[in-house]
Amino acid sequence: MSQVISLDSIAKAPGSAETMRQDLAKGGCTSSSCGSSDGPADMPAEIWDKIKDHPCYSEEAHHYFARMHVAVAPACNIQCNYCNRKYDCANESRPGVVSERLTPEQAARKVIAVANEVPQLSVLGIAGPGDSLYDWKKTFETFELVEKHLPDIKFCISTNGLALPDHVEEIARHNIDHVTITINMVDPEIGAKIYPWIFFDKRRIHGVEAARILHERQMRGLEMLTERGILVKVNSVMIPGINDEHLKVVNAEVKKRGAFLHNIMPLISAPEHGTHFGLTGQRGPTAAELKSLQDDLADGANLMRHCRQCRADAVGLLGEDRGQEFTLDKIGEEVTYDPEKRRLYREVVEAERADHQKARAAAEDALALTADAGANAVPMLVAVTTKGGGRLNQHFGHATEFQVYEVDRDGVRFVGHRRADNYCLGGYGEEDRLDTIIGALDGVTAVLTARIGDCPRERLEEAGIIVSDAYAYEYIESSIGAYYTASVGSVDTGRASA
Ligand code: CLF
Ligand code: SF4
């Protein structure tokens, strides 16, 4: 087994630098190959520097680093048919939903409190509800306050783009390197089905005219940002029957204008959300429809596939939300920042991610030697349970989501996550939740996990899904590579058993 460092345990109880170094010394590089990493090697150094600690802009970084959102700018200048800017539902997980609104001062206090407790924190985002640039004074005031205490934190904003061209200079001045624009269309006829109105130039504008203005402002804002070297991620909500096919055109247009990433997110829509789409029965796409669109776009703008559609007050690694641990009533009036825990965490991560990259390169080398499954072979889908750190370090019964990878002799590729309710309550599995998990794992050949009980293992195997805990605490990619090689055999050894 390669070195085992529990980043999770470091995050919870950091100990001393010496302890961490001893942990590191126990492992060392156990990879047979120390090939090039697949992160920094693929892009200019200045870009890698901007994304290497950003959990949304780098799939690799999302194993190690956390974001937090503060809801300081609640007003919005447009209406989207999938949003109603709801504030008080803590049980939903979708953008635009938040439990408490904050003043910039309260937000800064909360960021410091979180930074003291969550050493993975690297990014502060302002992502609704409301538009971060319509209420731009509150957004920039918050960043200014936080910057005084936490100079190493990255700032990130998400906007619908309508007010964007008016604030690009300020964004550049505040060293905001990451801006997300939600762009759902480049055709105003389609836009009119998504946006009933906008508020622009001191008046409310409806229909196609509103969508045309929004589209023009979005494109201009995108061009202005990329001209200044600011990384832009475009989020698009996939709405079947309205813009699903059209998103291929959107992808080409935003790529042409220099977008760094395109994140296609499934519409979340249910009557109880009270949104227009929820109330009119507009459905979201299935996981297969989303993946099919993403696969069709493989040659277009770089796709983000690890988005978790966070709440607007989310705290923690993507896929976890510790927001309820840091509500204002749980934070003292006076908070003092202690940078030591975060500094130690970054030190450990640097060593850990270097070893992870070597392990990944070794896995790629080994996969290239696997038996050729034929020209029309479909890659195998393998799901894993992880608490972060890029390792198989979560018990099956504690998983609330599965990360899904596809693997073939060309390598191991992250393709998305499948949400599944945590089926383990008080140590007892619940049958119906296991059914939910089996449904969520549709198309998956195998699950690799840290540990699993006999009962759920048997149920999954009855459903045709193989479960293995043989790679517990190993790196994800090398485990999947090893599992695949054992399944299909290698050119050297012939067919092996799983
Ligand atoms: Fe927040 Fe968005 Fe910045 Fe990330 S989230 S403002 S870029 S720090 Fe990330 Fe969450 Fe997806 Fe957004 S997973 S919803 S893409
Ligand atoms: Fe809601 Fe954001 Fe759309 Fe405004 S821009 S209506 S906050 S989703």
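For the structure, check the block above.
A brief report on the enclosed structure follows.

What counts and what doesn't
Position numbers for residues start from 1 in each chain and track the written sequence from start to end. Each chain gets a letter, beginning with A, and each ligand a number, beginning with 1, in the order they are written. Residue-level local features of this predicted model are given only where pLDDT is at least 70; pairs of side-chain atoms are given and counted only at 80 or more, and the full residue set underlies all totals for whole chains, interfaces and linings. For the side-chain quantities, the full set of heavy atoms in the structure was used; hydrogens and water were omitted. Segments assigned H or I by DSSP are reported as helices when at least four residues long, segments assigned E as strands when at least two residues long, and all are numbered from the N terminus. For each residue, the accessible area found with a 1.4 Å probe, counting protein chains only, is set against the maximum for its type, and the residue is called buried under 20%, exposed over 50%, and partly exposed in between. By definition, residues are in contact when any of their heavy atoms lie within 4.5 Å. We get accessible surface area from the Shrake-Rupley algorithm with a probe of 1.4 Å; when it comes to residues, only the shown protein chains can shield them. Excluding any residue in a salt bridge, patches collect residues exceeding 30% relative accessible area, merging like charges within 9 Å and nonpolar Val, Leu, Ile, Met, Phe, Trp and Tyr side chains within 5 Å. Throughout this description, the term salt bridge denotes a Lys or Arg side-chain nitrogen within 4 Å of a carboxyl oxygen of Asp or Glu. Only four residue types enter the tally: Lys and Arg on the positive side, Asp and Glu on the negative side; His and the chain ends are excluded. Charge placement uses NZ in Lys and CZ in Arg. For Asp and Glu, CG and CD serve respectively. Here, any two strands with at least 2 DSSP bridges between them count as paired. An axis is simply a line fitted to the C-alpha atoms; with a helix, the fit covers only the stretch in contact. Between two such axes, the angle follows the N-to-C directions and lies from 0 to 180 degrees. Nine residue types can take part in a nonpolar core, namely buried Ala, Val, Leu, Ile, Met, Phe, Trp, Tyr and Cys, and a core is a set of them joined through side-chain atoms within 4.5 Å. Near, as used in this document, describes a residue that has one of its heavy atoms within 4 Å of the molecule or strand being considered. Residue polarity is assigned by list, with Asp, Glu, Lys and Arg as charged and Ala, Val, Leu, Ile, Met, Phe, Trp, Tyr, Cys and Pro as nonpolar; anything else, Gly included, falls into the polar class. Between 65 and 115 degrees an angle is taken as roughly perpendicular, under 35 as roughly parallel, over 145 as roughly antiparallel, and anywhere else as oblique. Crossing handedness is defined as follows: a turn of the near helix away from the far one that is anticlockwise and smaller than a right angle gives a left-handed crossing, while the clockwise case is right-handed. The length a helix should cover is 1.5 Å for every residue beyond the first.

## Comments concerning the overall build of the protein chain
Then comes step 1: The helix and strand tally for the protein chain stands at 15 helices and 18 strands.
Then comes step 2: Here the protein chain holds 498 residues, and the buried ones make up 56% of them.
Then comes step 3: Sequence separation of 24 or more characterises 72% of the internal contacts of the protein chain that already satisfy a separation of 6 or more.
Then comes step 4: Surface exposure of the protein chain reaches about 20900 Å², of which carbon and sulfur atoms provide 49%.

## Focus: a negative patch on the surface
Then comes step 1: A contiguous patch of negative charge on the surface is contributed by E105, E141, E144 and E147.
Then comes step 2: By residue number, the principal contributor to the negative patch is helix α5 (residues 136-149), which donates 3 residues.
Then comes step 3: Among the secondary structure elements, E141 is positioned in helix α5.

## As for the sheet that holds strand β11 (residues 315-317)
Then comes step 1: Taken in spatial order, the 8 strands make up an open sheet running β10-β9-β8-β5-β4-β3-β1-β11, and their pairing is mixed. Two strands close off the open sheet at either side, each with one partner strand: β10 (303-304) and β11.
Then comes step 2: The sheet contact formed by strand β3 (residues 121-126) and strand β4 (residues 154-159) spans 4 bridges and is parallel. In the sheet register, I126 faces β4, and the bridge partner there is I157.
Then comes step 3: Helix α4 (residues 104-117) contacts β1 (66-69), β3 and β11 of the sheet and is inclined by roughly 155 degrees relative to β3.
Then comes step 4: Docked against the sheet, α5 engages β3 and β4, running at close to 170 degrees with respect to β4.

## A look at the nonpolar core
Then comes step 1: Ranked by internal contacts, the top residues of the largest apolar core, which has 57 residues, are V70, V111, I171 and L225.
Then comes step 2: Among the elements that line this core, the one with the most residues is α4, at 7 residues.
Then comes step 3: One finds I47, F260, A314 and L318 within the second-largest nonpolar core, a separate group that totals 36 residues.

## Some thoughts on the sheet that holds strand β14 (residues 411-419)
Then comes step 1: The mixed open sheet is built from 5 strands, whose spatial order is β14-β13-β12-β17-β18. Two strands bound the open sheet, and with one partner strand each, they are β14 and β18 (466-468). In this sheet, adjacent strand axes meet at a mean angle of 25 degrees when their direction is disregarded.
Then comes step 2: Strand direction decides the pairing type here: strand β12 (residues 380-384) and strand β17 (residues 446-448), joined by 3 bridges, are parallel. Paired with V384 across the strands is L448, a residue of β17.
Then comes step 3: On top of the sheet, helix α12 (residues 340-367) reaches β13 (401-408) and β14; it is set at about 110 degrees to β14, its chief contact.

## Considering the environment of P339
Then comes step 1: Along the polypeptide, P339 turns up in the loop between β11 and α12.
Then comes step 2: The partly exposed category is assigned to P339, whose relative accessible area is 44%.
Then comes step 3: Spatially, the C-alpha atom of P339 lies 9.6 Å from that of H149, the residues being 190 residues apart in sequence.

## What about the site of ligand 1?
Then comes step 1: Around ligand 1 sit 16 residues, and of these C56, H69, C156, C307 and C310 come closest.
Then comes step 2: The class makeup of the residues in the shell around ligand 1 is 8 nonpolar, 5 polar and 3 charged.

## Section: the packing of α4 against α5
To characterise two packed helices, one gives the angle between the axes of the helices and the distance between these axes.
Then comes step 1: Following both chains from N to C, one finds α4 and α5 inclined at 40 degrees, their axes separated by 9 Å at the closest point. When the axis of α4 is compared with that of α5, the two are oblique. For α4 against α5, the interelement crossing comes out right-handed. Contact residues: α4 offers P104, E105, A107, A108, V111 and I112, while α5 offers K138, E141, T142, L145, V146 and H149.
Then comes step 2: Of the residues that constitute the contact of α4 with α5, the class distribution is 7 nonpolar, 2 polar and 3 charged.

## A short note on the packing of α12 against helix α15 (residues 476-488)
Then comes step 1: With their axes 8 Å apart at the nearest point, α12 and α15 run at an angle of 20 degrees to one another. Put simply, α12 runs roughly parallel to α15. Relative to α15, α12 is oriented so that their crossing is left-handed. Along its contact with α12, which presents H356, A359, R360, A363 and L367, the element α15 presents E477, S478, G481, Y484 and T485.
Then comes step 2: Considered class by class, the residues forming the contact of α12 with α15 number 4 nonpolar, 4 polar and 2 charged.

## Structural notes on α15
Then comes step 1: Given a rise of 1.5 Å per residue, 13 residues ought to cover 18 Å, and the 18 Å separating the end C-alpha atoms of α15 matches this to within 8%.
Then comes step 2: Burial analysis of α15 places 10 of its 13 residues in the buried class, which makes it a mostly covered element.
Then comes step 3: For α15, every residue scored as buried is listed here: I476, E477, S479, I480, G481, Y483, Y484, T485, S487 and V488.
Then comes step 4: Buried residues belonging to α15 abut α12, β12, β13, β14, β17 and β18.
Then comes step 5: G489 occupies a position one or two residues after α15 and carries a positive phi of about 85 degrees.

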